[in-house]
Amino acid sequence: MRFETAAIHVGQEPEEKTGAIVVPIFQTATYAQPAIGQHKGYEYSRTHNPTRKALEQCLAALEGGKYGLGFASGMAAITTSMSLLKKGDHVISSDDVYGGTYRVFERIFRDFGLDFTFVDTSDLANVVAAVKPNTRMLWLETPTNPLLKVVDLRGAVELARKHNMMTVVDNTFASPYFQRPLEFGIDIVVHSTTKFLGGHSDVVGGAAVLSDDKIFERLSFAQNAMGAIPGPFDCWLVLRGLKTLAVRMRQHEANARAIAEFLHQHKRVQSVLYPGLPSFKYHERAKKQMSGFGSLISFYLDGSESQARKVCAATKVFSLAESLGGVESLIEHPGLMTHASIPTELRESRGITGNFIRLSVGIEHIDDLIADLDMALKSA
Ligand SMILES: *Cc1c(COP(=O)(O)O)cnc(C)c1O
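## Here we look at the layout of surface pockets
In this structure, the largest pocket occupies an estimated 710 Å³ of space. Taken together, 17 residues line the largest pocket, and the ones lying closest to its centre are Glu15, Glu16, Phe26, Tyr42 and Pro50. Per-class residue counts for the lining of the largest pocket are nine nonpolar, two polar and six charged. By volume, the second largest pocket is sized at about 430 Å³.

If you want it as structure tokens, here you go:
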């Protein structure tokens with residue numbers, strides 16, 4: 001079954017009793033049992049819920065995995081995944097990760113006895129140099145946030161297998177429509193379904209998808225034991241979003257390509273980071289492992305931090321907001337917003353400077369988006 005069809009049908013057969021074409025919201029905490037020890041696969045909604053199950057099956061199909069697990073947020077999926085490790089284990093992570101991922105690793109899990117090394121994983125030599133005898137996990141984001149570096153997935157898997165590391169890819173930026181890390185041998189894919197999968201900026205959710213039976217056993221145990229599960233209504237909203245994922249991603253990308261080209265030739269812009277731009281450092285690598293380039297674009301304004309603040313404040317169609325992946329276009333200043341939790345010196349050394357701006361390109365009409373950016377850039 002092809003992607004577009006799976007998004008609409010997997011896990012979503014018409015409901016048995018009534019024929020309802022849409023998976024119902026099973027807003028229930030518990031299930032009546034005909035006798036002690038007998039049930040229909042559902043005992044308690046932290047453990048199993050039919051709406052969540054539909055979402056989990058659909059997500060698994062879209063990522064090309066055997067199993068899907070729903071979580072209350074992207075951070076809940078990430079936090080629960082860390083329960084696969086034990087005190088004393090070492091993790092090598094992309095340095096350019098989601099700010100909240102960096103924060104939970106450094107400020108929570110370090111206190112639980114896990115050790116982290118953050119390196120630029122777009123060059124795998126940095127990963128090799130960071131390997132320790134106790135390294136157990138390689139945590140990757142690709143494209144990265146917000147610098148949009150692309151990590152060589154095939155190379156990363158080869159390396160991780162050699163050193164006996166579990167591999168995790170946060171696939172939020174690309175979405176399974178453009179990139180399916182499990183097909184390269186990655187062990188676990190995690191998502192913030194808040195972003196492209198939900199797609200409408202109206203729900204916070206997360207997921208993990210994987211194929212390995214043993215890891216699934218441990219992670220689904222942790223999902224139930226730790227309890228960071230999504231409610232039925234939130235699962236339903238993400239399921240509804242998934243149905244249009246393919247058409248949305250195509251339009252997101254068409255708009256993003258046009259905007260990247262527009263910014264690339266704009267006098268007020270120093271440089272543009274977008275995997276779809278032929279001149280971008282990681283374009284060739286992206287082409288090899290992605291079927292499209294997504295709709296996140298970062299750029300350096302030819303100007304100061306205060307001018308960058310002005311650009312962010314001046315747009316009318318692009319809303320000034322954190323988050324990404326919704327139908328509406330957003331603009332933000334990573335240094336002052338999404339990545340403010342990274343210490344200033346470290347952040348600036350990585351290239352997240354005062355004149356750096358990130359866009360999440362939505363699916364509005366391209367003419368309105370370009371006119372809006374042009375106006376904002378000229379006003380600063
Ligand atoms: C948003 C995001 C997260 C966190 O997800 P929440 O749903 O906000 O908890 C993790 N990784 C990436 C890449 C994200 O964009």
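## Quick notes on the site of the ligand
Near the ligand you find 14 residues, and of these Gly74, Asp170, Ser192, Thr194 and Lys195 are the closest. A distance of 2.8 Å separates an oxygen atom of the ligand from a polar atom in the side chain of serine 192. The cavity where the ligand resides is the second largest pocket. The leading source of residues in the shell around the ligand is helix α3 (residues 74-81), at three residues. Taken together, the residues of the shell around the ligand break down into five nonpolar, six polar and three charged.

## Structural notes on helix α2 (residues 50-63)
For α2, with 14 residues, the first-to-last C-alpha span of 20 Å sits near the 20 Å given by 1.5 Å per residue. Within α2, 11 of the 14 residues are buried, leaving the element largely enclosed by the surrounding structure. Considered for burial, the residues of α2 that qualify are Pro50, Thr51, Arg52, Ala54, Leu55, Glu56, Cys58, Leu59, Ala60, Leu62 and Glu63. For α2, the N-terminal cap is asparagine 49; the gap from its side-chain oxygen to the backbone nitrogen of threonine 51 is 2.9 Å. Just downstream of α2 lies glycine 64, where phi reads positive at about 70°.

## Describing the pattern of salt bridges
Applying the stated rule across the entire model yields 14 salt bridges. A salt bridge links arginine 52 to glutamate 56, with the shortest nitrogen-to-oxygen separation between them at 3.1 Å. Remark: glutamate 56 and arginine 52 occur in helix α2; sequence separation between them is four residues, near one turn of the helix. No difference in accessibility class separates arginine 52 from glutamate 56, as the two residues are buried. Salt-bridge contacts for arginine 110 lead to aspartate 115; the nearest nitrogen and oxygen are separated by 3.2 Å. On the basis of relative accessibility, which here comes to 32%, the residue arginine 110 falls in the partly exposed class. Among the charged side chains, a salt-bridge network with shared partners connects Glu106, Arg110, Asp115 and Lys132.

## Some points on the domain arrangement of the protein chain
Along its sequence, the protein chain is carved into domain 1 (3-242) and domain 2 (246-379). Look at where the C-alpha atoms of domain 1 and domain 2 centre, and you get two points 26 Å apart. Contact with domain 1, which involves 38 residues of that partner, is made by 41 residues of domain 2. Across the contact surface, domain 1 and domain 2 share two salt bridges.

## Re the packing of aromatic side chains
Aromatic rings considered in pairs are described by the distance between their centres and by the relative angle of their planes. Under the defined criterion, the tally for this structure stands at 13 aromatic pairs. Judged by centre distance (5.3 Å) and plane angle (90°), the rings of phenylalanine 105 and tryptophan 139 are edge-to-face. Linking phenylalanine 105 in helix α4 (residues 99-107) with tryptophan 139 in strand β4 (residues 135-141), this pair joins segments that are 34 residues apart in sequence. Both residues of the pair, phenylalanine 105 and tryptophan 139, count as buried. Grouped by ring-pair contacts, the aromatic residues Tyr102, Phe105, Phe116, Phe118 and Trp139 constitute a single cluster.

## A word on the packing of helix α10 (residues 245-264) against helix α14 (residues 366-379)
Here α10 crosses α14 at 30°, and the two axes come no closer than 10 Å. By the angle class used here, α10 and α14 are roughly parallel. Where α10 crosses over α14, the handedness of that crossing is right-handed. Where α10 abuts α14, its residues Asn255, Ala258, Ile259, Phe262 and Leu263 lie against Ile366, Leu369, Ile370, Leu373, Asp374 and Leu377. Among the residues forming the contact of α10 with α14, the class breakdown is nine nonpolar, one polar and one charged.

## Section: the pairing of β4
Counting buried residues in β4 gives six out of seven residues, a clear majority hidden from the surface. Summarising the sheet, strand β2 (residues 90-94) and β4 pair through four bridges and their orientation is parallel. By the bridge assignment, valine 91 is partnered in β4 with methionine 137. Bridge count between β4 and strand β5 (residues 166-170): five bridges; the pairing is parallel. Each residue of the ladder has a partner; that of methionine 137, found in β5, is methionine 166. Tracing the backbone out of β4, into helix α6 (residues 153-162) and back to the parallel element β5 gives a crossover that is right-handed.

Criteria and cut-off values
- Residues numbered from 1 in each chain as written.
- Predicted model: local features only at pLDDT ≥ 70, side-chain atom pairs only at ≥ 80, totals over all residues.
- Heavy atoms only, no water.
- 1 Å grid on protein atoms, 1.4 Å probe; cavity = no way out; pocket = protein on both sides within 12 Å on 5 of 7 lines; lining within 4 Å.
- Points joined across faces, edges and corners; volume = space filled by probe spheres on them.
- Nonpolar A, V, L, I, M, F, W, Y, C, P; charged D, E, K, R; others polar.
- Near = heavy atom within 4 Å.
- Polar contact = N/O pair within 3.5 Å; in protein donor to acceptor, adjacent residues only side chain to side chain.
- Sits in = over half its atoms within 2 Å of the grid points.
- Helix = DSSP H or I, 4+ residues; strand = E, 2+ residues; numbered from the N terminus.
- Expected span 1.5 Å × (residues − 1).
- Buried < 20%, exposed > 50% of the residue type's maximum accessible area, 1.4 Å probe, protein only.
- Salt bridge = Lys/Arg side-chain N within 4 Å of Asp/Glu carboxyl O.
- Domains from an automatic or database assignment.
- Contact = heavy atoms within 4.5 Å.
- Phe/Tyr/Trp six-rings, centres within 6.5 Å; stacked < 30°, edge-to-face > 60°.
- Axes fitted to C-alpha atoms, helices over the stretch in contact; angles between N-to-C directions.
- Parallel < 35°, antiparallel > 145°, perpendicular 65-115°, else oblique.
- Left-handed = near helix turned anticlockwise from the far one by under 90°.
- Pairing = 2+ DSSP bridges.
- Right-handed = clockwise from strand over helix to strand, strands pointing away.

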